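Listed here are the chains, written in short residue letters.
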Amino acid sequence: QGATHDPAVWDKIKEHPCYSAEAHHYFARMHVAVAPRCNIKCNYCNRKFDCVNESRPGVVSKRWSPEEAAEKVAVVAARVPQLSVVGVAGPGDAVFDARKTLETFDLIRRRLPDIRLCVSTNGLALPEQVEALKERDVDHLTITINYLDPEVGAEIHPWIVHNRRKWVGREAVRILHERQMEGLERAVAAGMLVKVNSVLIPGINDGAEIAAVNQAVRARGVFLHNVMPLISDPSHGTVFGLEGRRAPTPAELDAAREALGGDGARMMRHCRQCRADAVGMLGADLRDELDLENAAPV
Ligand code: CLF
Ligand code: SF4
């Protein structure tokens, strides 16, 4: 757990409920679903719903404009003293839809200069946006990385849109992989604490592949690796290109995390696979209680 002894790093994680298992008992995050568009296809994602970079599939998040989002964040900050982090995690890709994400952050910063900002992305559009995110003091960045081997990748991501062109198959996943690694390297070089989420899909990327991902991202200075289970309930809409794939059992998930984290490397184990509009402590959503749609402005 080396780097947590660094006071500057500790300062950045001590109030972040995802980056510190301890902090999730005391601090809350709020997601604002301002980024509806996405530039890749994940076979576990139903595009009508939310990005599962961070979110439970099969739920439709409340989408806001940047202005609405900033207003709602101010309302929550006034009513939820534990609020320490605001993140954009969809419902599409927060970095592909960078204009909206950055505008939202600028508006939030004017009202809440001390809040921590967090972003989740598939990484395809990341290399060019690292600087703009860093300029806004985004210290926490999550990239979803599910494969290194293009054979494996092609089973998970059938196509991408890059440079105004659609790419399919191995060519698509080769580009996505290169961009994810470049984005990760640039973000680490910019001083961000980068977390990698990997969706564990039995029979596709479990075993050697997930271990290879873990090695590759650790070699590039990732702060935390979060291996999350595929959610394969058909009612959640995740079956499309992964027809017949089941979620890992809790024992399989534990074993995969154990195999990667055995030498003390940082593994996240308390992820709740939040919705793109989640508000509150992890696992205890306050959306209904706060009734944000009808809340008076602050
Ligand atoms: Fe949100 Fe993600 Fe930031 Fe956390 S969630 S953008 S890092 S503030 Fe956290 Fe939720 Fe797991 Fe994400 S528990 S899904 S890891
Ligand atoms: Fe869906 Fe997110 Fe994948 Fe885009 S990156 S296809 S929104 S899971």
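Just so we're clear, the structure is a prediction, and the values are computed from it rather than from any experiment.

**What about the overall build of the protein chain?**
So, step 1. Check the secondary structure of the protein chain and you find nine helices and 10 strands.
So, step 2. Within the protein chain, buried positions represent 57% of all 298 residues.
So, step 3. Put simply, 76% of the contacts in the protein chain that link residues at least 6 apart link residues at least 24 apart.
So, step 4. When the accessible surface of the protein chain is totalled, it reaches about 12,500 Å², and 51% of it is carbon and sulfur.

**As for the nonpolar core**
So, step 1. One finds M30, V32, L133 and L141 to be the most contacted residues of the largest nonpolar core, which totals 49 residues.
So, step 2. If we ignore the near neighbours within four places in the chain, the residues touching M30 are W64, K72, V73, V76, L83, V85, V86, G87, A278, V279 and L292.
So, step 3. Among the nonpolar cores identified, the runner-up in size contains 19 residues, and Y44, L176, V199 and L230 belong to it.

**With respect to a negative patch on the surface**
So, step 1. Taken together, the side chains of E67, E68, D288, E289, D291 and E293 present a region of like negative charge at the surface.
So, step 2. Breaking the negative patch down by element, the ones donating at least two residues are α2 (66-79) and α9 (287-290).
So, step 3. Position of E293 among the secondary structure elements: in the segment after α9.

**Quick look at the packing of aromatic side chains**
So, step 1. For the structure on display, the rule yields one aromatic pair.
So, step 2. Plain terms: the ring middles of Y19 and F223 are 5.9 Å apart, the flat faces sit at 25° to each other, and that makes the pair stacked. Here Y19 is found in the loop between α1 (7-13) and β1 (28-31), whereas its partner F223 is found in the loop between α7 (208-219) and β8 (224-229), with 204 residues between them in sequence.
So, step 3. The buried category is assigned to Y19, whose relative accessible area is 5%.
So, step 4. Residue class for F223 comes out buried when judged on its relative accessible area of 7%.
So, step 5. In this structure, R266 packs its charged tip against the face of F223, placed 4.2 Å from the ring centre.

**Details of the pairing of strand β2 (residues 83-88)**
So, step 1. The element β2 is extensively covered by neighbouring structure, given that six of its six residues are classed as buried.
So, step 2. Here β1 pairs with β2 via four bridges, running parallel. Residue pairing across strands places R29 opposite V85, the latter belonging to β2.
So, step 3. Of the strand pairs in this sheet, β2 and strand β3 (residues 116-121) are connected by four bridges, and their pairing is parallel. Within the sheet, the bridge partner assigned to V88 lies in β3 and is V119.
So, step 4. What joins β2 to β3 is helix α3 (residues 98-111), and the crossover it makes is right-handed.

**Focus: helix α6 (residues 169-189)**
So, step 1. Over its 21 residues, α6 extends 30 Å from the first C-alpha to the last, a length consistent with the 30 Å expected when each residue adds 1.5 Å.
So, step 2. Backbone geometry just after α6 places G191 at a positive phi near 90°.

**Considerations on the sheet that holds strand β10 (residues 284-285)**
So, step 1. Strands sit in the order β8-β7-β4-β3-β2-β1-β9-β10 across an open sheet of eight strands; the sheet is mixed. This sheet does not close on itself; its edge strands, each paired only once, are β8 and β10.
So, step 2. The strands touched by α3 are β2, β3 and β4 (138-144); relative to β3, the strand with the most contacts, the crossing angle is about 170°.

Parameters and conventions
Residues numbered from 1 in each chain as written. Chains lettered and ligands numbered in written order. Predicted model: local features only at pLDDT ≥ 70, side-chain atom pairs only at ≥ 80, totals over all residues. Heavy atoms only, no water. Helix = DSSP H or I, 4+ residues; strand = E, 2+ residues; numbered from the N terminus. Buried < 20%, exposed > 50% of the residue type's maximum accessible area, 1.4 Å probe, protein only. Contact = heavy atoms within 4.5 Å. Areas by Shrake-Rupley, 256 points an atom, 1.4 Å probe, with all protein chains shown as cover. Core = buried A, V, L, I, M, F, W, Y, C linked by side-chain atoms within 4.5 Å. Patch = residues over 30% accessible without salt bridge, like charges linked within 9 Å, V, L, I, M, F, W, Y side chains within 5 Å. Salt bridge = Lys/Arg side-chain N within 4 Å of Asp/Glu carboxyl O. Lys, Arg positive; Asp, Glu negative; His and termini not counted. Charge placed at Lys NZ, Arg CZ, Asp CG, Glu CD. Phe/Tyr/Trp six-rings, centres within 6.5 Å; stacked < 30°, edge-to-face > 60°. Lys NZ or Arg CZ within 6 Å of the ring centre and 35° of its normal. Pairing = 2+ DSSP bridges. Right-handed = clockwise from strand over helix to strand, strands pointing away. Expected span 1.5 Å × (residues − 1). Axes fitted to C-alpha atoms, helices over the stretch in contact; angles between N-to-C directions.

Take it as geometry only, folks, not as evidence of what the structure does.
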